[in-house]
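Below are the chains, spelled out letter by letter.
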Amino acid sequence: MSGRTTIVVGASRGLGRGIAAALADAGSSVVAIARTAVEHTAPASGAGQVRAEVVDAADGKSATELIARHEPHALVVVAGAVPVMRPLQDQDWESFSVNWETDVRITFDWLREALTAPLRPGGRVVVVSSGAALNADGSPLSGGYAGAKAMQRFLTGYAQGEADRAGLDLSFTAVLPRFAPETGVGSAAVAAYAERAGAPVKAFLEHHKPLLTPEIAGRAAVGLLSAGTVAPAYLLSGAGLRELR
């Protein structure tokens, strides 16, 4: 990763923050994009660095401007909204569609720009979706969240197809993480589903161990961005990455 620039979209908290820190520690020059200014700890190795860019990744223009300015070798898209945790009858369209308007919009904009600019030859794009997209019943307490996350995986596949058709030396892969209770999205989901199950949060989480953390996500991102080849999609849990077929 030394000497390579990576843009991390959604690096202020949760898995995105863990990914930005791990990439910098591995030697990458990380451009950490977030809507609010946050402090990023200097990498313990002293090898890489984290530079913050305070922008709205869903504004329709930041992808064009920042990819042109930083000319990254790699792009990691993690940004998204915390879903409104309510049963269907207590949602309205605004709350139900929040992840379509945010998560899917961001993925669409940044993947399109990665193809249009395009990224440097040999560039790699990782889109962080959610394991909710794999559930047979989706995620019934989070409105349109599971569907939006499935669409992110589809978009990643569409982008790979277009890159191949155009002869671009780019690879795109989707990562679908399981519950990560230390994150904003994860903690809200865990609380809601534990309550529905009538179980204390601690007991509920026992059934989902080993639990995913931002540090585990960071190590997974380093592995994906430094590997020779990658699969189209992976499940990410506390046990690490597992290729999806």
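For the structure itself, look to the data block above.
One structure accompanies this document, and this report is about it. (Residues numbered from 1 in each chain as written. Predicted model: local features only at pLDDT ≥ 70, side-chain atom pairs only at ≥ 80, totals over all residues. Heavy atoms only, no water.)

## Observations concerning helix H4 (residues 98-116)
Next up, step 1: With 19 residues, H4 extends 26 Å from end C-alpha to end C-alpha; this agrees with the ideal 27 Å at 1.5 Å per step.
Next up, step 2: Along its length, H4 shows its largest kink, about 25°, at Arg105.
Next up, step 3: Of all the residues in H4, the buried ones are Asn99, Thr102, Asp103, Val104, Ile106, Thr107, Asp109, Trp110, Leu111, Glu113 and Ala114. (Helix = DSSP H or I, 4+ residues; strand = E, 2+ residues; numbered from the N terminus. Expected span 1.5 Å × (residues − 1). Bend = angle between axes of the 7 residues up to and from the residue. Buried < 20%, exposed > 50% of the residue type's maximum accessible area, 1.4 Å probe, protein only.)

## Notes on the sheet that holds strand E2 (residues 29-34)
Next up, step 1: Strand order in the open sheet formed by eight strands is E3-E2-E1-E4-E5-E6-E7-E8, and the pairing between neighbours is mixed. Edge positions in the sheet fall to strand E3 (49-54) and strand E8 (240-243), since each has one partner strand and no second. Along the sheet, successive strands turn relative to each other by an average axial angle of 20°, direction set aside.
Next up, step 2: Of the strand pairs in this sheet, strand E1 (residues 5-9) and E2 are connected by five bridges, and their pairing is parallel. Bridge pairing in E2 places Thr5 opposite Ser29.
Next up, step 3: Against the sheet, helix H1 (residues 14-25) makes contact with E1, E2, E3, strand E4 (74-77), strand E5 (123-128) and strand E6 (170-177), and its axis sits at roughly 170° relative to E1, the strand it touches most. (Pairing = 2+ DSSP bridges. Axes fitted to C-alpha atoms, helices over the stretch in contact; angles between N-to-C directions. Contact = heavy atoms within 4.5 Å.)

## Considerations on the packing of aromatic side chains
Next up, step 1: By the definition in use, this model includes three aromatic pairs.
Next up, step 2: Aromatic pair Trp93 and Phe96: ring centres 5.5 Å apart, planes at 25°, arrangement stacked. Of this pair, Trp93 and Phe96 both sit in helix H3 (residues 93-96), three residues apart, roughly one helical turn.
Next up, step 3: The class for Phe96 is partly exposed, based on a relative accessible area of 24%.
Next up, step 4: When the centroid spacing of 5.9 Å and the interplanar angle of 70° are considered together, the rings of Phe179 and Phe204 count as edge-to-face. (Phe/Tyr/Trp six-rings, centres within 6.5 Å; stacked < 30°, edge-to-face > 60°.)

## Thoughts on the nonpolar core
Next up, step 1: In terms of nonpolar packing, the biggest core is built from 29 residues, with Val8, Ile19, Leu23 and Val76 touching the most fellow members.
Next up, step 2: When contributions to this core are tallied by element, the ones reaching two or more residues are H1, E2, E4, E5, helix H8 (214-226) and strand E7 (233-237).
Next up, step 3: In terms of residue count, H8 provides more of this core than any other element does, seven residues in total.
Next up, step 4: Ranked by size, the runner-up nonpolar core spans 27 residues in total, among them Val31, Ile67, Leu75 and Leu119. (Core = buried A, V, L, I, M, F, W, Y, C linked by side-chain atoms within 4.5 Å.)

## Things to note about H8
Next up, step 1: Helix length check: H8 (13 residues) gives 18 Å between terminal C-alpha atoms against 18 Å at 1.5 Å per residue, within 8%.
Next up, step 2: Every buried residue belonging to H8 is among Pro214, Ile216, Ala217, Gly218, Ala220, Ala221, Val222, Leu224 and Leu225, and all of these are buried.

## Description of unusual backbone geometry
Next up, step 1: At the junction of Ala117 and Pro118, the peptide bond is cis and its omega measures out at -25° in the coordinates.
Next up, step 2: With respect to the helices and strands, Pro118 occurs in the loop between H4 and E5.
Next up, step 3: Of note, the phi angle at Glu71 is positive, near 45°, even though the residue is not glycine.
Next up, step 4: Exposure remark for Glu71: the relative accessible area of 48% places this residue in the partly exposed category.

## Observations concerning the pairing of E2
For a regular strand, the rule is simple: side chains alternate between the two faces of the sheet.
Next up, step 1: Of all six residues in E2, six are buried, a share of seventy percent or more.
Next up, step 2: By the alternation rule, side chains of E2 split into Ser29, Val31 and Ile33 and Val30, Ala32 and Ala34, which are all buried.
Next up, step 3: Between the parallel elements E1 and E2, the chain passes through H1 in a crossover that is right-handed.
Next up, step 4: As paired elements, E2 and E3 share six bridges and run parallel to each other. Bridging across to E3, Ala34 finds its partner in Val54. (Right-handed = clockwise from strand over helix to strand, strands pointing away.)

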